[in-house]
Amino acid sequence: QLHLVESGGDLVQPGDSLRLSCSASGSTLDYYAIQWFRQAPGEEREGVSCIGNDGYIWYADSVEGRFTISRDNAKNMAYLQMNNLEPEDTAHYYCAADAHCTVPSPRYWGQGTQVTVSS
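Residues numbered from 1 in each chain as written. Predicted model: local features only at pLDDT ≥ 70, side-chain atom pairs only at ≥ 80, totals over all residues. Heavy atoms only, no water.

Student: Honestly, the sheet that holds strand S3 (residues 18-25) in this entry has me stumped. Any pointers?
Tutor: Backbone hydrogen bonds hold the strands of a sheet together, and the pairing may be parallel or antiparallel. Taken in spatial order, the four strands of this open sheet run S1-S3-S8-S7, and their pairing is antiparallel. Of all the strands in the sheet, the pair left with one neighbour each is strand S1 (3-7) and strand S7 (67-72). On average, each strand axis in the sheet is tilted by 15° relative to the strand beside it, whichever way the strands run. As defined by bridge partners, S7 adjoins strand S8 (residues 77-82) across six bridges and the pair is classed as antiparallel. If you follow Arg71 over to S8, its bridge partner there is Ala78. (Pairing = 2+ DSSP bridges. Helix = DSSP H or I, 4+ residues; strand = E, 2+ residues; numbered from the N terminus. Axes fitted to C-alpha atoms, helices over the stretch in contact; angles between N-to-C directions.)

Student: For this particular structure, what's the right way to read the state of the cysteines?
Tutor: Formally, a disulfide is one covalent bond, and it connects the sulfur atom of one cysteine to the sulfur atom of another. In total, this model carries two disulfides according to the counting rule given. Bridging Cys22 to Cys95, the disulfide has an S-S length of 2.1 Å. Around the S-S axis, the bridge from Cys22 to Cys95 shows a dihedral of about 65° and counts as right-handed. Remark: Cys95 occurs in strand S9 (residues 91-98) and Cys22 occurs in strand S3; sequence separation between them is 73 residues. You can call Cys22 buried: its relative accessible area is 0%. Disulfide pairing places Cys50 opposite Cys101 at an S-S distance of 2.0 Å. One quick way to see it: the torsion about the S-S bond of Cys50 and Cys101 is about -90°, and its sign makes the bridge left-handed. Note that Cys50 is positioned in strand S5 (residues 46-51) and Cys101 in the loop between S9 and strand S10 (108-109), a separation of 51 residues in sequence. When its relative accessible area of 1% is taken as the criterion, Cys50 is described as buried. Owing to a relative accessible area of 16%, Cys101 belongs among the buried residues under this scheme. Look at the protein and number its bonded cysteines as they come in the sequence; the links are 1-3, 2-4. (Disulfide = S-S within 2.5 Å. Buried < 20%, exposed > 50% of the residue type's maximum accessible area, 1.4 Å probe, protein only.)

Student: Help me out: how do you make sense of the pattern of salt bridges in this one?
Tutor: Between side chains of opposite charge, pairing is possible as soon as their charged atoms come close. Inspection of every chain in the model, using the stated rule, returns four salt bridges. One salt bridge connects Glu86 with Arg66, and the closest N-O pair in it is separated by 4.0 Å. With Glu86 in the loop between S8 and S9 and Arg66 in the loop between strand S6 (57-59) and S7, the pair connects residues that are 20 residues apart, well separated along the chain. For Arg66, a relative accessible area of 11% puts it in the buried group. Among the salt bridges present, the one from Asp89 reaches Arg66, with a minimum N-O distance of 2.8 Å. (Salt bridge = Lys/Arg side-chain N within 4 Å of Asp/Glu carboxyl O.)

Keep in mind these numbers describe shape, not what the thing actually does.
Written out as structure tokens, the structure reads:
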């Protein structure tokens, strides 16, 4: 079974940067598309970004130009670099994995990491 663990969330000020990490174990991440989601209290879960195993990359309009998704298959890791953070980015961030970026609900999920942007 594939297990995912997120890290890197923190309390930061507007304009700051964070790098979230997603560490995989149990199976190799090579064949999976990796997605980042976020969810604020009382709101719907929102897709943030996805990187496929074929070079495909997708960003939500709200983060494009500020966030960068990447992966390192040799380390079984994925990352989300978040620059110029805004209060609207405050949410619990999850990484998830499945065969393709287009699946509505990926099979494997981590427990998430909290990102809070406040002055």
